[in-house]
Amino acid sequence: GDSVTQMEGPVTLSEEAFLTINCTYTATGYPSLFWYVQYPGEGLQLLLKATKADDKGSNKGFEATYRKETTSFHLEKGSVQVSDSAVYFCALSGHELGNEKLTFGTGTRLTIIP
Amino acid sequence: SQTIHQWPATLVQPVGSPLSLECTVEGTSNPNLYWYRQAAGRGLQLLFYSVGIGQISSEVPQNLSASRPQDRQFILSSKKLLLSDSGFYLCAYNRDNSPLHFGNGTRLTVT
């Protein structure tokens, strides 16, 4: 079945550091790929997505490129801020009959130190 | 605008007690509805999804059940909670193949 593997956390960085959170997937067909973010005490919010190979999703300074050859969707940001502290989830969708069943990774907790 | 409400935000229940978590969606009709669970140290696991009133699909056999009595209402229940039911429960919705929108979640602790 479909699965998502993302780097284990927690990850602690200083403000303005470069961020990479690795994500690889296993899926049949051509899934869409997502990054969701969960701020403390809140539910998940969609951060960015890519629906086909070589697409780049971007939002709030974060980027991720859908790499079919390496089955990866790594999340990057050039200069992180304290407000980026959150848990980040990589996910893929198995489109099925009009609904979207997401398969999530285990999440990576990111803490940014001033 | 579309919004999703989930309550309660936190809940502490003894083993063997019943459970009812409620989720409602506003601003859209005939949404797909989902219940996810996030257990400690684990990723999000899809528990149930529904594409219409009275239509429930279960992804993981367990101690929980779901119901959809109205178009925009999704309820997660249990007759007798187990310690292993502790976790963070998230309701979500979408229309067609749009991205999921999540509620703020309910943190359930079974003691």
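What counts, and at which threshold
Residues numbered from 1 in each chain as written. Chains lettered and ligands numbered in written order. Predicted model: local features only at pLDDT ≥ 70, side-chain atom pairs only at ≥ 80, totals over all residues. Heavy atoms only, no water. Helix = DSSP H or I, 4+ residues; strand = E, 2+ residues; numbered from the N terminus. Rg over C-alpha atoms; globule rule 2.2 N^0.38 Å. Buried < 20%, exposed > 50% of the residue type's maximum accessible area, 1.4 Å probe, protein only. Contact = heavy atoms within 4.5 Å. Areas by Shrake-Rupley, 256 points an atom, 1.4 Å probe, with all protein chains shown as cover. Lys, Arg positive; Asp, Glu negative; His and termini not counted. Charge placed at Lys NZ, Arg CZ, Asp CG, Glu CD. Buried area = accessible area lost by both parts, 1.4 Å probe. Salt bridge = Lys/Arg side-chain N within 4 Å of Asp/Glu carboxyl O. Polar contact = N/O pair within 3.5 Å; in protein donor to acceptor, adjacent residues only side chain to side chain. Nonpolar A, V, L, I, M, F, W, Y, C, P; charged D, E, K, R; others polar. Pairing = 2+ DSSP bridges. Axes fitted to C-alpha atoms, helices over the stretch in contact; angles between N-to-C directions. Disulfide = S-S within 2.5 Å.

Draft legend 1. Focus on the overall build of chain B. Looking only at helices and strands, chain B has zero helices and 11 strands in total. For chain B, whose C-alpha radius of gyration is 13 Å, the value lies close to the compact-globule estimate of 13 Å for 111 residues. Across its three principal directions, the C-alpha atoms of chain B cover 40 × 25 × 20 Å. For chain B, buried positions account for 49% of its 111 residues. Long-range contacts, defined here as pairs at least 24 residues apart, represent 54% of the contacts in chain B between residues at least 6 apart. Per element, the accessible surface of chain B, about 5,200 Å² overall, is 51% carbon and sulfur. Within chain B, one finds 8 positive and 6 negative side-chain charges whose respective centroids are separated by 8 Å.

Draft legend 2. Summary view of the interface of chain B and chain A. Contacts between chain B and chain A engage 22 residues on the former and 20 residues on the latter. When the two sides are added together, the surface that chain B and chain A hide from each other amounts to roughly 1,600 Å², 53% of it contributed by carbon and sulfur. Where chain B packs against chain A, one counts zero salt bridges. Remark: the boundary between chain B and chain A carries three residue pairs in polar contact (both at pLDDT 80 or more). Taken together, the residues of the side of chain B that touches chain A sort by class into 11 nonpolar, eight polar and three charged.

Draft legend 3. Expanded view of the pairing of strand E8 (residues 62–65) of chain A. Residues and elements named next belong to chain A. Examined bridge by bridge, strand E7 (residues 56–59) and E8 share four bridges and lie antiparallel to one another. Counted as the bridge partner of Lys-56 is Thr-65 from E8. Linkage of E7 to E8, two consecutive antiparallel strands, is achieved through a turn of two residues, within which Lys-60 is found at a positive phi near 55 degrees. Examined bridge by bridge, E8 and strand E9 (residues 75–77) share three bridges and lie antiparallel to one another. Its bridge partner being in E9, Glu-63 is matched across the sheet by Glu-76.

Draft legend 4. Here's a closer look at the pairing of strand E2 (residues 11–14) of chain A. All names here are of chain A. Across the two faces of E2 the burial differs, with Val-11 and Leu-13 buried and Thr-12 and Ser-14 not buried at all. Two elements, E2 and strand E12 (residues 108–113), share four bridges in a ladder whose sense is parallel. Paired with Leu-13 across the strands is Ile-112, a residue of E12.

Draft legend 5. Representation of the sheet that holds strand E3 (residues 19–26) of chain B. Residue and element names in this part refer to chain B. The strand order across the open sheet formed by four strands is E1-E3-E8-E7, and the pairing between neighbours is antiparallel. Looking at which strands have only one partner, the edges of the open sheet turn out to be strand E1 (3–7) and strand E7 (65–70). The mean inter-strand angle of the sheet, taken between neighbouring strand axes irrespective of direction, is 20 degrees. Both E1 and E3 contribute to a ladder of five bridges, which runs antiparallel. Residue pairing in the sheet places Ile-4 in a bridge with Val-25 of E3.

Draft legend 6. Quick look at the sheet that holds E8(A). Residues and elements named next belong to chain A. The antiparallel open sheet is built from four strands, whose spatial order is E3-E9-E8-E7. Two strands in the sheet have a free side with no partner beyond their single neighbour: strand E3 (19–21) and E7. Ignoring strand direction, the axes of neighbouring strands in this sheet form an average angle of 15 degrees. Where E3 lies against E9, three bridges are found, and the strand directions are antiparallel. By the bridge assignment for E9, Thr-20 is matched with Glu-76.

Draft legend 7. Quick look at the state of the cysteines. Tallying each qualifying case throughout the model produces two disulfides over all chains. One disulfide bridge connects A:Cys23 with A:Cys90, the sulfur atoms lying 1.9 Å from each other. Across the S-S bond of A:Cys23 and A:Cys90 the torsion is about -70 degrees, and the bridge reads as left-handed. You can see A:Cys23 sitting in strand E4 (residues 23–26) and its partner A:Cys90 sitting in strand E10 (residues 86–96), a full 67 residues away along the chain. By the burial criterion, A:Cys23 is buried, and A:Cys90 matches it. Disulfide pairing places B:Cys23 opposite B:Cys91 at an S-S distance of 2.0 Å. Residues B:Cys23 and B:Cys91 share a disulfide whose torsion about the S-S bond is about -75 degrees; that sign makes it left-handed. Taken together, the residues B:Cys23 in strand E3 and B:Cys91 in strand E9 (residues 87–94) connect sequence positions 68 residues apart. Since its relative accessible area comes to 1%, B:Cys23 is described here as buried.

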